[in-house]
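# Structural overview
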Amino acid sequence: MSRPDRLAGQVAVVTGGAGGLGAASARLLSEEGASVVVVDLDGDRAAEVAVSLPGPAIGIAADVSSEADVAGYVAAAVERFGRLDLHHLNAGVPGSFAALPDLSLADFDRVLAVNVSGVFLGLREAFRCYQAQGTTGNIVITASIGSLQGSADLLAYQTSKHAVLGLLHGAAVYGGPLGVRVNAVAPGIVPTELFAANATASGGRDDMATRAATTPLRRAGRPDEIATAVAFLLSDEATYITGAVLSADGGASVVSTVRPSGGAGAWDAAAHDRAFYGEERLR
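Going by an unreviewed UniProt entry, the chain carries the name SDR family oxidoreductase and comes from Nocardioides agariphilus.

Below, the structure written as structure tokens:
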């Protein structure tokens with residue numbers, strides 16, 4: 001449930017704001033009183049989300065991996081609303097499902113450009129903005145369960161989400177003495193359009209409900225549940241929290257898979273390996 005006055009008078013930017021998690025975040029921040037700047041590579045969809053929000057909002061087309069575009073969306077926000085207080089650096093791409101030997105450098109670099117350089121540029125511009133305004137502010141980065149654990153698929157995505165935690169820690173240490181808090185939310189399985197291009201692939205969108213059924217809560221999450229975590233970290237209810245990673249994953253990241261309660265032995269490893277690698281790649 002939203003709290004209409006919790007973010008009243010503040011201005012928030014949400015990158016990747018036209019997508020599932022970003023749009024949910026933008027809506028909740030708006031419901032809680034913030035003026036919202038919806039940023040997305042798809043400017044038309046960003047504008048549609050902005051128009052649908054209950055409070056003041058604008059949509060801006062921007063590539064978060066571009067220095068000029070990042071500076072531009074911050075400048076546009078300040079021009080429209082006079083200041084910028086809150087940043088949800090959420091934009092990201094999943095990249096290829098290709099196995100390690102087949103993953104192209106171009107795909108790997110593109111994922112890191114958006115998911116890592118995009119966060120770096122967003123952090124840097126946020127701190128520059130706060131300095132120019134003479135204000136403090138709060139920042140939340142969208143990390144992932146992939147920031148905390150390993151898998152052999154989605155290698156570029158996983159690498160990028162590990163790297164994001166390095167940016168988080170450095171920015172939190174830098175920002176603390178300045179009164180700027182920087183935190184991250186780490187979603188688990190939340191069905192959105194992020195994986196739509198690989199919907200039918202193993203680990204893609206269409207088997208999310210099945211995979212999420214193995215978490216302690218036995219279900220997938222919803223975008224609004226992630227937005228709730230973001231709004232909390234951005235709000236003054238989290239005034240002594242910085243550098244933290246708040247997992248919103250149904251408990252998936254705490255499961256020990258080698259214990260009976262964590263499903264140890266519940267699946268056939270040989271069958272899994274044949275399905276994942278193919279017979280020709282196994283000895």
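## Overview of unusual backbone geometry
With a phi angle near 50°, Leu-154 is a residue other than glycine that sits in the positive phi range. With respect to the element layout, Leu-154 can be found in the loop between strand S5 (137-142) and helix H5 (155-175). On the accessibility criterion, Leu-154 (11% relative accessible area) is buried. Positioned with a positive phi, Arg-218 is a non-glycine residue whose angle comes to about 60°. Structurally, Arg-218 is set in the loop between helix H6 (208-212) and helix H7 (223-234). Using a relative accessible area of 52% as the deciding quantity, one classes Arg-218 as exposed.

## Let's talk about the pairing of strand S6 (residues 180-187)
The buried fraction of S6 amounts to eight of the eight residues, a majority that puts the element mostly inside the structure. For S6 and strand S7 (residues 245-248), the ladder comprises four bridges, and the chain directions are parallel. Paired with Val-185 across the bridge in S7 is Leu-246.

## Here we look at the packing of helix H4 (residues 105-133) against H5
Packing of H4 against H5 leaves a shortest axis separation of 9 Å and a crossing angle of 15°. Classified by the angle their axes make, H4 and H5 are roughly parallel. Note that H4 runs across H5; the crossing there is right-handed. Residues Phe-108, Val-111, Leu-112, Asn-115, Val-116, Val-119, Phe-120, Leu-123 and Phe-127 of H4 touch H5, and the partners they reach there are Ala-156, Tyr-157, Thr-159, Ser-160, Lys-161, Ala-163, Val-164, Leu-167, Ala-171, Tyr-174 and Gly-175. Class assignment of the residues belonging to the contact of H4 with H5 gives a composition of 15 nonpolar, four polar and one charged.

So, how was this worked out
- Residues numbered from 1 in each chain as written.
- Predicted model: local features only at pLDDT ≥ 70, side-chain atom pairs only at ≥ 80, totals over all residues.
- Heavy atoms only, no water.
- Helix = DSSP H or I, 4+ residues; strand = E, 2+ residues; numbered from the N terminus.
- Buried < 20%, exposed > 50% of the residue type's maximum accessible area, 1.4 Å probe, protein only.
- Pairing = 2+ DSSP bridges.
- Axes fitted to C-alpha atoms, helices over the stretch in contact; angles between N-to-C directions.
- Parallel < 35°, antiparallel > 145°, perpendicular 65-115°, else oblique.
- Left-handed = near helix turned anticlockwise from the far one by under 90°.
- Contact = heavy atoms within 4.5 Å.
- Nonpolar A, V, L, I, M, F, W, Y, C, P; charged D, E, K, R; others polar.

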